Amino acid sequence: MGEVERNPEARSVFLQFRDELTQGKVRAAERTGKDWTVNVWVKQGILLGFRLGELTQMGDGATLSFVDKDTFPSRRFTIEDHVRVVPGGSSVRLGAYVASGVICMPPMFINVGAYVDEGTMVDSHALVGSCAQIGKRVHVSAAAQIGGVLEPVNAAPVIIEDDVLVGGNCGVYEGTLVRSGAVLGAGTILTRSTPLYDLVRHQIYKAGETTPLEVPENAVVVPGSRAVKQGLAADWNLSLYTPVIVKYRDEKTDQRIELEDWLR
Ligand SMILES: CC(C)(COP(=O)(O)OP(=O)(O)OC[C@H]1O[C@@H](n2cnc3c(N)ncnc32)[C@H](O)[C@@H]1OP(=O)(O)O)[C@@H](O)C(=O)NCCC(=O)NCCS
C-alpha cells in the first residue's frame, strides 16, 4: 500500500472530485472560444480513484452480480435528472456527467469522466469512453465507439462538438476533435494515424506531435481507401483504409440523418 492509500483524507477528496465530475462542474476538457483545454489533472484524479478503490460486490445479487472498485459504482438516476435510461443492460459510472434530455439505449456504457451534453442520444452497443466530451444534440449511433483516455494510455480525450452525427459502427479514438455539425458516415474510423483527405478543400488533415486529428465543422466524412504506390504493398495492389471528406453538410445530408422527434 502506498502513501496515498494510507492518507485518510485522500478518499474524501476523491469522492468530492467524483461528485463534481458527476455534476458536470469539473470536466476533462473545456472549451474557450474555439480552443479546447485539456485538464490533465482530471485524468490523474480518476486514476487516483482506481488506486484508492477496493474490490466490492455490487448489484442485487439475486440476478446479476458485479465486482468492481468501490470508488466507481454505477450512477442511479431519478426522474428529476431528465435522463432516459431504457431498461436492458446499460451502465453509467459515477463521475460521468449526463445532462438533462439525454437518451441512453441499451446496451451502452458511459465511463468515468465522460461529459454528455443536453439532448444527445447514445444508441445501443455504443461506448462513451473515459473523459470523452460529447456536445449537445449529438447522435452516437448504434455500435459507435468513442475511445477513452485510460486504456490504452492517451493524454487527450476525444471531443465531439454539438450537432454531430457519429454514424453506426464508427470508431473515434486518440483525442480526435470532431467540430460541430460534422457527419461521420457509418463505419468511419478516426485515430491519430489516419490522415483525413478533404476532397472539397483540397487538403489533407493529420494529427501533429501535440495536436489531435481535427474534423472540420460540417464536414461529411465517409470511409474510403487509397492505393499504396510503393513497395510490396504496391506489387500486391493493396490499398489502405482512409477517411475522406466527400462534401460539407447540405440539406440532403440533413434529411438523411434527420431523427424521429416523436421518440424523444
Ligand atoms: C454520410 C451519409 C449521411 C450520406 O450523406 P449525404 O449528404 O446524403 O451524402 P451523398 O449521398 O450526397 O454522397 C456524397 C458522395 O459520397 C458518397 N457516399 C455517401 N455516403 C457514403 C458512405 N457511407 N460510404 C462511402 N461513400 C459514401 C456518395 O456515393 C457520393 O459520391 P458520388 O457523388 O461519387 O456518388 C450516409 O452515408 C451515412 O453514413 N449515414 C449514417 C447512417 C447511420 O449510421 N445511421 C445511424 C442510425 S443508428
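Here is what the cut-offs are and how they apply
Residues numbered from 1 in each chain as written. Predicted model: local features only at pLDDT ≥ 70, side-chain atom pairs only at ≥ 80, totals over all residues. Heavy atoms only, no water. Pairing = 2+ DSSP bridges. Helix = DSSP H or I, 4+ residues; strand = E, 2+ residues; numbered from the N terminus. Near = heavy atom within 4 Å. Polar contact = N/O pair within 3.5 Å; in protein donor to acceptor, adjacent residues only side chain to side chain. Buried < 20%, exposed > 50% of the residue type's maximum accessible area, 1.4 Å probe, protein only. Salt bridge = Lys/Arg side-chain N within 4 Å of Asp/Glu carboxyl O.

> Got a minute to help me understand the pairing of strand β26 (residues 239-248) in this structure?
As a general feature of sheets, a regular strand has side chains that alternate between the two faces. Where strand β22 (residues 196-198) meets β26, two bridges bridge the pair, whose relative direction is parallel. Bridge assignment links Y197 to a residue of β26, and that residue is V244. Of the strand pairs in this sheet, strand β25 (residues 219-227) and β26 are connected by nine bridges, and their pairing is antiparallel. When the sheet's bridge partners are listed, V221 is paired in β26 with I245.

> For this particular structure, what's the right way to read the site of the ligand?
The local shell around the ligand holds 18 residues, among which G168, A186, K247, K252 and T253 are the closest. Separating an oxygen atom of the ligand from a backbone N or O atom of A186 is a distance of 2.9 Å. Interatomic distance of 3.4 Å between a side-chain N/O atom of R256 and an oxygen atom of the ligand. For the shell around the ligand, the secondary structure elements donating two or more residues are β25, β26 and α5 (251-257).

> How should the sheet that holds strand β6 (residues 91-92) be read in this particular structure?
Backbone-to-backbone hydrogen bonds pair the strands of a sheet. The strands run either parallel or antiparallel. Strand order in the open sheet formed by six strands is β6-β9-β12-β15-β18-β21, with parallel pairing between adjacent strands. Pairing within the sheet leaves two strands with one partner each, and these edge strands are β6 and β21 (189-190). Where strand β18 (residues 171-172) lies against β21, two bridges are found, and the strand directions are parallel. When the bridges of β21 are listed, G171 appears paired with I189.

> Is there a simple way to explain the environment of A10 in this structure?
Here A10 shows up in helix α2 (residues 8-22). A10 sits in the buried class, given a relative accessible area of 11%. Between the C-alpha atom of A10 and that of E151, which follows or precedes it by 141 residues, the distance is 24 Å.

> Even after reading the chapter, I still don't get the pattern of salt bridges, so can you show me in this structure?
For the structure on display, the rule yields ten salt bridges. A salt bridge links R93 to D68; its shortest N-O distance comes to 2.8 Å. You can see R93 sitting in the loop between β6 and β7 (97-98) and its partner D68 sitting in strand β4 (residues 66-69), a full 25 residues away along the chain. Where K247 meets D250, a salt bridge forms, and the shortest distance between an N and an O atom there is 3.1 Å. With a relative accessible area of 24%, K247 lands in the partly exposed category. Its relative accessible area of 32% is what places D250 among the partly exposed residues. Salt bridges linked by common partners bring R31, E161, R179 and E214 together as one network.

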